[in-house]
Amino acid sequence: KAGVTQTPRYLIKTRGQQVTLSCSPISGHRSVSWYQQTPGQGLQFLFEYFSETQRNKGNFPGRFSGRQFSNSRSEMNVSTLELGDSALYLCASSLVFQGSYEQYFGPGTRLTVT
Amino acid sequence: AQTVTQSQPEMSVQEAETVTLSCTYDTSESDYYLFWYKQPPSRQMILVIRQEAYKQQNATENRFSVNFQKAAKSFSLKISDSQLGDAAMYFCAYLHGSSNTGKLIFGQGTTLQVKP
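Small disclaimer: the values here were computed from a predicted structure and weren't measured.

### What to know about the interface of chain B and chain A
Next up, step 1: Contacts between chain B and chain A engage 17 residues on the former and 21 residues on the latter.
Next up, step 2: Inspection of the region where chain B meets chain A yields one salt bridge.
Next up, step 3: Between Arg 50 of chain B and Glu 102 of chain A there is a salt bridge, and its shortest N-O distance comes to 2.1 Å.
Next up, step 4: Counting the contacts that link chain B with chain A gives nine residue pairs in polar contact (both at pLDDT 80 or more).
Next up, step 5: Sort the elements by how many residues they give to the side of chain B that touches chain A and strand β5 (residues 32-39) of chain B lands first, with four residues.
Next up, step 6: Partitioning the side of chain B that touches chain A into residue classes produces nine nonpolar, five polar and three charged.

Below is the structure:
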């Protein structure tokens, strides 16, 4: 099976702009979680989607949003970018069935805000 | 709130030797999962091993094994016969079981150096 894919891999944006990141989960996986990784804060949970519904959200401002489509692909959007949003954004998919809760990660999107 | 602590920012090991990475966690829940992930310089997070809290037997995956001490809330990773390719940052992670809202809580990470 193909792994989790994320596009784009690298992105450079200017402060104030908005950005959309995409994540395609492993085939058959219905849950997609998003994480932000920075040197200062480490890995922080953004939100999780399951069957097109947001089930959980981390402590991030409303500028961070996401959605999931019927084919389980997910997007996250960050509006009004700030310098502090520069980070590696990771998505992970999970089967969530019969005790299979482990998450498999994509390669990440490196976002740089200038 | 659940927390995960990795108290060793950096560790080093000689190739072919054994190293143990430490992790402690805090939770009031009884149903949860614990994981170790590896993140090499490529930044790709790779699942190394998982442990269900209800299982007393320690998980093992080839050269990787865990020492799960539920009462002490400790979850250490032992890497045997260390190889150069094991050099990476290792993260311990917690997942609540019964509600399972897809939120992994990570420790700060331990950077492992493998010396030839």
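### A look at the state of the cysteines
Residues and elements named next belong to chain B.
Next up, step 1: Applying the stated criterion to the full structure yields two disulfides over all chains.
Next up, step 2: Here Cys 23 engages in a disulfide with Cys 92; their sulfurs sit 2.0 Å apart. Linking Cys 23 and Cys 92, the disulfide has an S-S dihedral of approximately -65° and is accordingly described as left-handed. Of the two residues, Cys 23 is situated in the loop between β3 (19-21) and β4 (24-26) and Cys 92 in strand β10 (residues 88-96); the sequence distance between them amounts to 69 residues. Here Cys 23 and Cys 92 have matching classes, each one buried.

### Details of the packing of aromatic side chains
Next up, step 1: Counted under the stated rule, the structure contains 17 aromatic pairs over all chains.
Next up, step 2: With a centroid separation of 6.5 Å and an interplanar angle of 20°, the aromatic rings of Tyr 33 of chain B and Phe 35 of chain B are classed as stacked. The same class applies to Tyr 33 of chain B as to Phe 35 of chain B, namely buried.
Next up, step 3: Following the ring pairs from residue to residue traces out a cluster consisting of Tyr 35, Phe 45, Tyr 101 and Phe 105 of chain A together with Tyr 33, Phe 35, Tyr 37, Phe 91 and Phe 106 of chain B.
Next up, step 4: The ring of Phe 50 of chain A carries the charged tip of Arg 55 of chain A above its face, separated from the ring centre by 4.5 Å.

Reading the values: rules and limits
- Residues numbered from 1 in each chain as written.
- Chains lettered and ligands numbered in written order.
- Predicted model: local features only at pLDDT ≥ 70, side-chain atom pairs only at ≥ 80, totals over all residues.
- Heavy atoms only, no water.
- Contact = heavy atoms within 4.5 Å.
- Salt bridge = Lys/Arg side-chain N within 4 Å of Asp/Glu carboxyl O.
- Polar contact = N/O pair within 3.5 Å; in protein donor to acceptor, adjacent residues only side chain to side chain.
- Helix = DSSP H or I, 4+ residues; strand = E, 2+ residues; numbered from the N terminus.
- Nonpolar A, V, L, I, M, F, W, Y, C, P; charged D, E, K, R; others polar.
- Disulfide = S-S within 2.5 Å.
- Buried < 20%, exposed > 50% of the residue type's maximum accessible area, 1.4 Å probe, protein only.
- Phe/Tyr/Trp six-rings, centres within 6.5 Å; stacked < 30°, edge-to-face > 60°.
- Lys NZ or Arg CZ within 6 Å of the ring centre and 35° of its normal.

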